[in-house]
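Single-letter residue listing:
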Amino acid sequence: MMAALWCPALAAAALRVLILTGQSDVPYHDWRATTAHLERLLAATSRFEVQVEEQPARLNGRRPANYDVLVLNYNGPRWGPEAEEAVEQCIRSGKGMIAVHGVSYGLFFGMEWKNNRWAASPTGDPGWRAYSHMLGVTWAPESIGHARRHEFAVEWVDREHPISRGLPPTFTANDELYHRMTHLAGIHVLATAFDDPRIGGTGKNEPVLWTVDYGRGRVVHLTLGHDVAAMSQPGFERAFVRATAWAANPATTF
């Protein structure tokens, strides 16, 4: 059963959501299953109007502007300059985006898949230049990874932010805990989790949810959400729905 995700005393206007998906680094991530689940989570609140775009390369400068927030659940080929600039401009102009789990590496960062792992481009391709600034992170190919998947506690380190306000101080994840990322200056970390060295972790508190200002818009990066089982954890559900709503409209109350 899905957790109670939304306070009923909210403004009536639905928030318009476009999920950008259509490819992932299969077999590691199943975009079809996770996209359908994210769509169900948002629909269950009755506060979002959700559409799914499985061919983001078709985006033009006008279409993203019709939505309040973009949900990024994609890892695949580049979209081309028109679609990528459309997303950049959408966020710079004041809209929002939430980027989920396996979006933190790959072709958008100029990497290539070689010998069953991600590697830096041999040509020095920088990838989509704005992408890391929107997500607030880079990840050196040699550092990409996580400890063994396990159950762990996620701590809200900023409990006064609208996304976390009123929630319990911690929630449980059963997921991959991404680590050894390079976080860019200016991100605002809302939640972290201890990366247990006994199972291959760093022994540090690793950020798992943060916000980024990009132009007049807002991005939330949530590194949790490896599969439907991980996304079905009540803590993930609440964090995802609240983060999506806040990115769409920072005046949203819960």
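Cut-offs applied
Starting afresh in each chain, residues are numbered from 1 along the sequence in its written order. The predicted nature of this model means local features are confined to residues of pLDDT at least 70 and side-chain atom pairs, given and counted, to a pLDDT of 80 or more, with totals for whole chains, interfaces and linings taken over all residues. Water and hydrogen atoms play no part in the side-chain values, which are based on all heavy atoms of the structure. Method remark: on a 1 Å grid restricted to protein atoms, a set of points is classed as a cavity if a 1.4 Å probe fits but cannot get out and as a pocket if it is open with protein on both sides within 12 Å along at least five of seven lines; lining residues have an atom within 4 Å of a point. Grid points are joined across faces, edges and corners, and a volume is the space filled by probe spheres set on the points. Only Asp, Glu, Lys and Arg are considered charged, only Ala, Val, Leu, Ile, Met, Phe, Trp, Tyr, Cys and Pro nonpolar, and every remaining residue, Gly among them, polar. Two strands are said to pair when DSSP picks up at least two bridges between them. For helices the rule is a DSSP run of H or I covering at least 4 residues; for strands it is a run of E covering at least 2, with both sets numbered from the N terminus onward. Lines fitted to C-alpha atoms define the axes, with helix axes restricted to the stretch in contact, and inter-axis angles between N-to-C directions lie between 0 and 180 degrees. Contacts are assigned to residue pairs with any non-hydrogen atoms lying within 4.5 Å of each other. In summary, the pairing rule links any two rings of Phe, Tyr or Trp, Trp by its six-membered ring, whose centres are within 6.5 Å, and it sorts them by plane angle into stacked for under 30 degrees, edge-to-face for over 60 and tilted for everything else. We call a residue buried when its accessible area falls under 20% of the maximum for its residue type, exposed when it is over 50%, and partly exposed in between, using a 1.4 Å probe and counting protein chains only. Here the expected length of a helix is defined as 1.5 Å per residue gap, with one fewer gap than residues. What the arc describes is the spread of directions from the helix axis to the C-beta atoms. Pairs of N or O atoms within 3.5 Å make up the polar contacts considered here, provided that, within protein, one atom can donate a hydrogen while the other can accept it, and that residues adjacent in sequence are counted only when both atoms are side-chain atoms. Put simply, a salt bridge is a Lys or Arg side-chain nitrogen that is within 4 Å of an Asp or Glu carboxyl oxygen.

### So, empty space enclosed by the protein
Phase 1 of the analysis: Scanning the model with the defined rule gives two cavities of 30 Å³ or more in all.
Phase 2 of the analysis: Within this model, the largest cavity holds a volume of roughly 90 Å³.
Phase 3 of the analysis: Surrounding the largest cavity, 14 residues form its lining, His 29, Thr 34, Asn 73, Val 100 and Gly 102 being those nearest its centre.
Phase 4 of the analysis: Among the residues making up the lining of the largest cavity, the classes are represented as four nonpolar, nine polar and one charged.
Phase 5 of the analysis: By volume, the second largest cavity amounts to about 40 Å³.
Phase 6 of the analysis: Lining the second largest cavity are Tyr 74, Asn 75, Gly 76, Val 103, Tyr 105, Gly 106, Leu 107, Phe 108 and Tyr 131.

### Let's talk about the sheet that holds strand S12 (residues 205-214)
Phase 1 of the analysis: The mixed open sheet is built from nine strands, whose spatial order is S2-S1-S3-S4-S13-S12-S11-S8-S9. The open sheet has two edge strands with one neighbour each: strand S2 (48-53) and strand S9 (170-175). Direction aside, the axes of adjacent strands within the sheet are offset by 20 degrees on average.
Phase 2 of the analysis: In this structure, strand S4 (residues 96-100) lies alongside strand S13 (residues 217-222), joined through five bridges in parallel fashion. Bridge pairing links Ile 98 to Val 220 in S13.
Phase 3 of the analysis: Sheet contacts for helix H1 (residues 31-44): strand S1 (15-20), S2 and strand S3 (69-72); angle to S2, the most-contacted strand, approximately 165 degrees.
Phase 4 of the analysis: Where helix H5 (residues 234-248) meets the sheet, it contacts S1, S2, S3, S4, strand S8 (150-156), S9, S12 and S13, and its direction lies at approximately 165 degrees from that of S13.

### Digging into the packing of aromatic side chains
Phase 1 of the analysis: All told, the structure shown has 15 aromatic pairs when counted by the stated rule.
Phase 2 of the analysis: With a centroid separation of 5.1 Å and an interplanar angle of 90 degrees, the aromatic rings of Phe 108 and Trp 128 are classed as edge-to-face. Taken together, the residues span a long stretch of sequence, with Phe 108 in the loop between S4 and strand S5 (111-114) and Trp 128 in the loop between strand S6 (117-120) and helix H3 (131-135) at a distance of 20 residues.
Phase 3 of the analysis: Overall, the relative accessible area of 4% leaves Trp 128 in the buried class.
Phase 4 of the analysis: Pairwise contacts between aromatic rings join Tyr 28, Tyr 105, Trp 113, Trp 118, Trp 139 and Tyr 178 into one cluster.

### Observations concerning the layout of surface pockets
Any empty space left between the atoms is revealed when a probe the size of a water molecule rolls over them.
Phase 1 of the analysis: Approximately 300 Å³ is the volume found for the largest pocket.
Phase 2 of the analysis: In terms of lining, the largest pocket is formed by 16 residues, of which the most central are Tyr 28, Tyr 105, Trp 118, Ile 144 and His 146.

### A few points about H1
Each α-helix turn comprises 3.6 residues. Residues three or four places apart therefore point the same way.
Phase 1 of the analysis: Its 14 residues place the ends of H1 20 Å apart at the C-alpha level, agreeing with the 20 Å of an ideal helix rising 1.5 Å per residue.
Phase 2 of the analysis: Among the residues making up H1, those that are buried are Trp 31, Thr 34, Thr 35, His 37, Leu 38, Leu 41 and Leu 42. What you see down the axis of H1 is that its buried residues fit within an arc of 160 degrees, all on one side.
Phase 3 of the analysis: Lining the buried residues of H1 we find S1, S2, S3, helix H4 (228-231) and H5.
Phase 4 of the analysis: Put simply, Asp 30 is the residue that caps the front of H1, since its side-chain oxygen is 3.2 Å from the backbone nitrogen of Arg 32.
Phase 5 of the analysis: Phi turns positive, to about 60 degrees, at Ser 46, one or two residues after H1.

### What about the pattern of salt bridges?
Phase 1 of the analysis: On inspection of all chains with the given rule, the structure shows eight salt bridges.
Phase 2 of the analysis: With a closest N to O distance of 2.3 Å, Arg 63 and Glu 53 form a salt bridge. Highlighted residues: Arg 63 in the loop between S2 and S3 and Glu 53 in strand S2, separated in sequence by 10 residues.
Phase 3 of the analysis: The partly exposed category is assigned to Arg 63, whose relative accessible area is 23%.
Phase 4 of the analysis: Given a relative accessible area of 3%, Glu 53 falls into the buried group.
Phase 5 of the analysis: Residue Arg 78 pairs with Glu 84 through a salt bridge whose shortest N-O separation is 2.7 Å.
Phase 6 of the analysis: The class for Glu 84 is buried, based on a relative accessible area of 4%.
Phase 7 of the analysis: One salt-bridge network, held together by shared partners, links Glu 53, Arg 58 and Arg 63.

### Digging into unusual backbone geometry
Phase 1 of the analysis: Cis geometry is adopted by the peptide bond preceding Pro 27, which originates at Val 26 and carries an omega value of 10 degrees.
Phase 2 of the analysis: Structurally, Pro 27 can be placed in the loop between S1 and H1.
Phase 3 of the analysis: Positive phi is not limited to glycine here, since Asn 116 has a value of about 60 degrees.
Phase 4 of the analysis: For Asn 116, the position within the fold is in the loop between S5 and S6.
Phase 5 of the analysis: Look at Asn 116 and you get exposed, because its relative accessible area is 63%.

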